[in-house]
Amino acid sequence: MSTIGFIGLGQMGSPMALNLIKGGHSLRVFDINTSAVEALVEQGATAASSPADAALDAEFVVTMLPNGTLVKNVLFGESGIVESLDKNALLIDMSTIHPFETDALIKQMSDKGFSMMEAPVGRTSDHAVKGELLILAGGTKAQIERAQPLFDCMGSETVDAGGAGKGIRVKIINNYMSIALNALSAEAATLSEAIGLEFETALEVMSGTPAGKGHFTTTWPGKVLAGDLSPAFMVDLAHKDLGIALDLANQVNVPMPCGAASRELYSITRAAGRGRQDWTSVFEQLRVTSGLEAKIK
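For clarity, every value in this text was computed on a predicted model and none was experimentally measured. (Residues numbered from 1 in each chain as written. Predicted model: local features only at pLDDT ≥ 70, side-chain atom pairs only at ≥ 80, totals over all residues. Heavy atoms only, no water.)

### Topic: the sheet that holds strand S3 (residues 46-47)
Item 1. Within the open sheet, the six strands sit side by side as S3-S2-S1-S4-S5-S6. Their pairing is parallel. Since the sheet does not close on itself, it has two edges, and those belong to S3 and strand S6 (115-118), each with one partner.
Item 2. Where strand S1 (residues 3-7) lies against strand S2 (residues 26-30), five bridges are found, and the strand directions are parallel. Following the sheet pairing, Gly 5 is matched in S2 by Arg 28.
Item 3. Sitting on the sheet, helix H5 (residues 99-111) is in contact with strand S5 (90-93) and S6, with an inclination near 165° to S6. (Pairing = 2+ DSSP bridges. Helix = DSSP H or I, 4+ residues; strand = E, 2+ residues; numbered from the N terminus. Contact = heavy atoms within 4.5 Å. Axes fitted to C-alpha atoms, helices over the stretch in contact; angles between N-to-C directions.)

Next up, the structure:
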């Protein structure tokens, strides 16, 4: 069992810390919310007076904070972690912050002779309570192996994201897609209601198509990811159908900002001469438009 400094006892951090205590680890906890600290002390933790105090004699220090500025201040500010952190300890930032901030912090810590990795989490606060988080580990194989007993207390699955900075990158991409899809789903559900279509019918149909299952695991593997842009469903037809849906929405006064933005990508793809290619070619066109090297010649 390990001695752990835990900093950041919010909605996710508190149950994560509690599960480490339940796993038999010794915790020194710090947060500006004294009530959150007191609640963990009642469960067996020791209260720390500062980040530096939390890190004192710790084998691991876990940070779970709302933004990158706070992480940086906790590390390098007054009474910061680096004032007391042992050079043999491992710092694990589990916050969701900007990937470039993570890169800079890891470099700064490394330059000072400290070991740091990031391991942001997926899933919800309910999963945090149950110890069933998805741990997205960005670090060396040795760092991840060393931290795994802690991850096992807080989560039910650990993904090795492929190196330093990769954990927060996959977290941000996952959240981007989930959050944007939530808005697109709201548009589809609202349009269904506005034109008199029962939501249950829409749900039944879309649960069995790429609309509900997602393209990463349905249309893309056999087409654009396989280097095949021969049309199973042409860009021209996708553009046409999207236009019909947007016109319908306009006539029943349903705002469709996500759909309108999507049509621009299909228009760009058509303008590039891909109208008769498979609709998954929007991925290849966006890559090329972004300055990335073409994969499909």
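### Considerations on the pairing of strand S9 (residues 155-160)
Item 1. Where strand S8 (residues 133-137) and S9 come together, five bridges link them in parallel fashion. Directly across from Ala 137, in S9, lies its bridge partner Asp 160.

### Regarding the sheet that holds S8
Item 1. Judged by pairing direction, the sheet is mixed, and its three strands sit side by side in the order S7-S8-S9 without closing on themselves. Lying at the two open borders of the sheet, with one neighbouring strand each, are strand S7 (121-122) and S9.
Item 2. Of the strand pairs in this sheet, S7 and S8 are connected by two bridges, and their pairing is antiparallel. Considered in S8, the bridge of Val 121 is made with Ile 135.

### Description of unusual backbone geometry
Item 1. Although it is not a glycine, Ser 79 sits at a positive phi angle of roughly 55°.
Item 2. Secondary-structure assignment places Ser 79 in the loop between helix H4 (68-76) and S5.

### Remarks on the nonpolar core
Item 1. By size, the foremost hydrophobic cluster in this structure holds 33 residues, and its most contacted members are Phe 6, Met 16, Leu 27, Ile 92, Met 94 and Phe 151.
Item 2. Secondary-structure elements contributing two or more residues to this core are S1, helix H1 (13-22), S2, helix H2 (34-41), strand S4 (60-63), S5, S8 and helix H7 (141-154).
Item 3. For this core, the element with the most residues is H7, which contributes six residues.
Item 4. Listed in part, the 21 residues of the second largest apolar core include Ala 54, Val 71, Val 74 and Met 116. (Core = buried A, V, L, I, M, F, W, Y, C linked by side-chain atoms within 4.5 Å. Buried < 20%, exposed > 50% of the residue type's maximum accessible area, 1.4 Å probe, protein only.)

### As for the pattern of salt bridges
Item 1. Per the counting criterion, the structure on display carries nine salt bridges.
Item 2. Here Asp 160 and Lys 141 are joined by a salt bridge, their closest N and O atoms 2.7 Å apart. Of this pair, Asp 160 sits in strand S9 while Lys 141 is found in helix H7, placing the two residues 19 residues apart along the sequence. (Salt bridge = Lys/Arg side-chain N within 4 Å of Asp/Glu carboxyl O.)

### Observations concerning the packing of helix H8 (residues 166-194) against helix H12 (residues 257-274)
Helix-helix packing: each pair is described by the crossing angle between the helix axes and the interaxial distance.
Item 1. Contact geometry of H8 with H12 gives a least axis separation of 8 Å together with a crossing angle of 110°. In terms of axis orientation, H8 runs roughly perpendicular to H12. Contacts between H8 and H12 involve Ala 180, Ala 183, Leu 184 and Glu 187 from the first element and Pro 257, Cys 258 and Gly 259 from the second.
Item 2. Residues belonging to the contact of H8 with H12 are distributed by class as follows: five nonpolar, one polar and one charged. (Parallel < 35°, antiparallel > 145°, perpendicular 65-115°, else oblique. Nonpolar A, V, L, I, M, F, W, Y, C, P; charged D, E, K, R; others polar.)

### Some words on the pairing of S2
Item 1. For the segment spanning S1, H1 and S2, crossover handedness is right-handed.
Item 2. Relative to S3, S2 runs parallel, the two sharing two bridges. Note on S3: the bridge partner recorded for Arg 28 is Thr 46.
Item 3. The parallel pair S2 and S3 is bridged by H2, and the resulting crossover is right-handed. (Right-handed = clockwise from strand over helix to strand, strands pointing away.)

### Things to note about a nonpolar patch on the surface
Item 1. A contiguous nonpolar surface patch, about 270 Å² in accessible area, is contributed by Ile 195, Leu 197, Leu 248 and Val 252.
Item 2. Topologically, Val 252 is positioned in the loop between helix H11 (235-251) and H12.
Item 3. On the basis of relative accessible area, Val 252 is assigned to the partly exposed category, the value being 30%. (Patch = residues over 30% accessible without salt bridge, like charges linked within 9 Å, V, L, I, M, F, W, Y side chains within 5 Å. Areas by Shrake-Rupley, 256 points an atom, 1.4 Å probe, with all protein chains shown as cover.)

### A short note on H8
Given 3.6 residues to a turn, an α-helix orients residues that are three or four positions apart in the same direction.
Item 1. With 29 residues, H8 should reach 42 Å at 1.5 Å per residue; the first-to-last C-alpha distance of 42 Å fits that figure.
Item 2. Within H8, burial applies to Gly 167, Ile 168, Lys 171, Glu 187, Leu 191 and Ser 192.
Item 3. Positive backbone phi, approximately 85°, marks Gly 196, located one or two places after H8. (Expected span 1.5 Å × (residues − 1).)

### Structural notes on the side chain of Thr 269
Item 1. Residue position: Thr 269 is located in helix H12.
Item 2. Look past the residues within four positions of Thr 269 in its chain and what remains in contact with it is Val 235, Arg 274, Gly 275, Ser 281, Val 282 and Gln 285.

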